[in-house]
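# Chain and residue survey
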Amino acid sequence: MKILTFGQTGQLANALKCTQPDTIELIQLTRQQVDITQSQLIYEALAHYRPDIIINCAAYTDVERAESNTTQVMQTNVDAVRFITHVARQLGIRFIQLSTDYVFNGCSPTPYSVSQIPSAINVYGHSKLLAENVILQQQSNQFCIVRTSWLYHHSGKNFVSTMLHLMSQTSEALPSINIVNDQTGSPTLAEGLAHFLWKLCLQNHWSPIYHWSDAGMCTWYEFAQEIQSQAFALGLISSKVPLIPVTSQAYHSRVKRPAFSVLDTKASHSIFKPKPWQQQLAQYLYSCSLIKK
Ligand SMILES: NC(=O)C1=CN([C@@H]2O[C@H](COP(=O)(O)OP(=O)(O)OC[C@H]3O[C@@H](n4cnc5c(N)ncnc54)[C@H](OP(=O)(O)O)[C@@H]3O)[C@@H](O)[C@H]2O)C=CC1
Ligand SMILES: Cc1cn([C@H]2C[C@H](O)[C@@H](COP(=O)(O)OP(=O)(O)O[C@H]3O[C@@H](C)C(=O)[C@@H](O)[C@H]3O)O2)c(=O)[nH]c1=O
């Protein structure tokens with residue numbers, strides 16, 4: 001089976017590369033090879049490689065900058081997806097589009113099921129939601145959306161890498177870290193998502209939407225506490241800087257983020273069962289400690 005991904009340098013693309021089964025031929029294209037805002041380049045690549053499945057790992061993912069960069073966000077996250085869909089349909093290629101928990105407004109008291117109606121509250125989430133609608137309009141079991149949340153991988157800049165960096169500063173440079181404690185979600189190790197996607201590729205027909213995250217939930221503050229405690233035990237950090245729980249309002253971000261964006265992943269468990277997020281974090285930090293030695 002031949003799989004093609006756009007966005008070769010990203011977290012998910014790297015995780016797919018690290019977990020690639022022997023039976024899969026994986027073609028990964030960098031932005032230099034195919035800038036997905038250039039529709040002609042998309043067409044030429046797909047016509048040339050003729051993959052069985054496209055997994056679109058490319059996206060504009062800087063949630064803060066997205067607020068003031070709407071044109072580029074829409075071109076990357078929506079227009080490109082529309083064109084990939086068009087060419088995929090024309091060439092008979094199956095297509096998996098990645099999406100996010102940020103398509104939800106965060107007002108639900110319980111985990112979001114795949115049938116719940118999304119409504120985004122920031123530019124990034126809005127763009128990903130528009131892309132979802134492009135896929136859903138196809139009404140084809142050869143196209144699907146995989147929503148995930150709070151993704152991290154060695155290759156990327158993410159909450160875990162940011163926290164490890166901040167927690168390594170001296171107490172003079174950084175006496176404490178303020179962390180938002182009123183946003184709840186599910187951290188997701190990119191390798192786990194990659195395993196899920198490989199299993200999904202083996203299915204002949206897809207549901208319109210899948211949810212995938214590691215099991216369990218936490219606030220960003222609780223996530224930071226767990227990162228700190230595990231990283232300290234492994235010797236990745238030498239001291240414990242005080243972590244201060246704060247509200248979103250006190251954090252002063254220009255972006256509104258959902259207060260609760262936990263995805264209900266139950267329907268995906270028959271394909272692949274997620275592990276608890278704390279266990280996945282332990283695996284990630286343990287491999288960081290091996291790299292450090
Ligand atoms: N990160 C997260 O927490 C979450 C991510 N997702 C979704 O999962 C998917 C993968 O995310 P993740 O791996 O974290 O993303 P990353 O930010 O790690 O990677 C994004 C990739 O997209 C590429 N890219 C951006 N613009 C273009 C373009 N115009 N043409 C070609 N390539 C481009 C980047 O290339 P370059 O290196 O050149 O910039 C990079 O390789 C995305 O759809 C994202 O929306 C969903 C939920 C959570
Ligand atoms: C660095 C930092 C962040 N925060 C807060 C801000 C925010 O509410 C939360 C997470 O901030 P980040 O900028 O790391 O995360 P953010 O870019 O919002 O992460 C999102 O990325 C996109 C791509 C997704 O699809 C989402 O699932 C989600 O993972 O933590 C603190 O409270 N203190 C800090 O020191």
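Residues numbered from 1 in each chain as written. Chains lettered and ligands numbered in written order. Predicted model: local features only at pLDDT ≥ 70, side-chain atom pairs only at ≥ 80, totals over all residues. Heavy atoms only, no water.

### Considering the pattern of salt bridges
Counted according to the given criterion, the structure contains 6 salt bridges. A salt bridge links Glu64 to Arg254; its shortest N-O distance comes to 3.9 Å. In this pair, Glu64 sits in helix α3 (residues 63-66) while Arg254 sits in the loop between α9 (248-251) and α10 (277-292), placing the two residues 190 residues apart along the sequence. By relative accessible area, Glu64 is classed as partly exposed at 25%. Each of the salt bridges in this network shares a partner with another, and the network as a whole consists of Glu64, Arg254 and Arg257. (Salt bridge = Lys/Arg side-chain N within 4 Å of Asp/Glu carboxyl O. Helix = DSSP H or I, 4+ residues; strand = E, 2+ residues; numbered from the N terminus. Buried < 20%, exposed > 50% of the residue type's maximum accessible area, 1.4 Å probe, protein only.)

### Structural notes on the layout of surface pockets
In this structure, the second largest pocket spans a volume of roughly 150 Å³. Ala215, Gly216, Val262, Leu263 and Thr265 are the residues nearest the centre of the second largest pocket, which is lined by 14 residues in total. Residues that form the lining of the second largest pocket fall into these classes: 6 nonpolar, 5 polar and 3 charged. (1 Å grid on protein atoms, 1.4 Å probe; cavity = no way out; pocket = protein on both sides within 12 Å on 5 of 7 lines; lining within 4 Å. Points joined across faces, edges and corners; volume = space filled by probe spheres on them. Nonpolar A, V, L, I, M, F, W, Y, C, P; charged D, E, K, R; others polar.)

### So, the nonpolar core
Val160, Met167, Phe223, Ile227, Leu281 and Leu285 are the most contacted members of the largest nonpolar core, which totals 37 residues. Among the elements of the structure, α3, α4 (70-91), α5 (123-137), α6 (159-167), β7 (177-180), α8 (220-233), β12 (243-246) and α10 are those that each provide at least two residues to this core. Per element, the largest residue contribution to this core is 6 residues, and it comes from α8. When neighbours within four sequence positions are excluded, Leu281 is seen to be in contact with Tyr152, Val160, Phe223, Glu226, Ile227 and Gln230. In terms of nonpolar packing, the next biggest core, distinct from the first, is built from 26 residues, Ala13, Leu16, Cys57 and Trp198 among them. (Core = buried A, V, L, I, M, F, W, Y, C linked by side-chain atoms within 4.5 Å. Contact = heavy atoms within 4.5 Å.)

### Some remarks on the site of ligand 1
Every one of the 24 residues lining ligand 1 counts as a neighbour, but Thr9, Arg31, Thr61, Tyr124 and Lys128 are closest to it. In the environment of ligand 1, an oxygen atom lies 2.8 Å from a nitrogen or oxygen atom belonging to the backbone of Leu12. In this structure, Ile36 approaches ligand 1 through a main-chain N or O atom, which is 2.9 Å from a nitrogen atom. About the coverage of ligand 1: the protein hides 83% of its 910 Å² of free accessible area. Among the elements of the structure, α1 (11-19), β4 (94-100) and α5 are those that each provide at least two residues to the shell around ligand 1. No other element matches the 3 residues that β4 contributes to the shell around ligand 1. Along the lines of polarity and charge, the residues of the shell around ligand 1 split into 10 nonpolar, 11 polar and 3 charged. (Near = heavy atom within 4 Å. Polar contact = N/O pair within 3.5 Å; in protein donor to acceptor, adjacent residues only side chain to side chain. Areas by Shrake-Rupley, 256 points an atom, 1.4 Å probe, with all protein chains shown as cover.)

### Quick look at the environment of Ala66
Checked against the element boundaries, Ala66 lands in helix α3. According to the relative accessible area criterion, Ala66 is buried, its value standing at 0%. Sequence separation between Ala66 and Asn122 is 56 residues, and the spatial gap between their C-alpha atoms is 8.5 Å. Among all residues touching Ala66, those that are not within four sequence positions of it are Tyr60, Val73, Val123 and Tyr124.

### Overview of helix α7 (residues 190-201)
In a regular helix each residue adds 1.5 Å, so 12 residues correspond to 16 Å; α7 covers 16 Å between its end C-alpha atoms and thus fits that length. Among the 12 residues in α7, 10 count as buried, and that is most of the element. Every buried residue of α7 is accounted for by Ala190, Glu191, Gly192, Leu193, Ala194, Phe196, Leu197, Trp198, Leu200 and Cys201. (Expected span 1.5 Å × (residues − 1).)

### With respect to the site of ligand 2
For ligand 2, the set of nearby residues contains 20 residues, the closest of which are Thr100, Asp101, Val180, Gln183 and Arg257. Residue Asp101 places a side-chain N or O atom 2.6 Å away from an oxygen atom belonging to ligand 2. One nitrogen or oxygen atom from the main chain of Val180 is found 2.8 Å from an oxygen atom belonging to ligand 2. Protein contact buries 82% of the 720 Å² of open area that ligand 2 shows by itself. Residue assignment for the shell around ligand 2 shows that the elements contributing at least two residues are α6 and β7. Residue composition of the shell around ligand 2, by class: 12 nonpolar, 6 polar and 2 charged.

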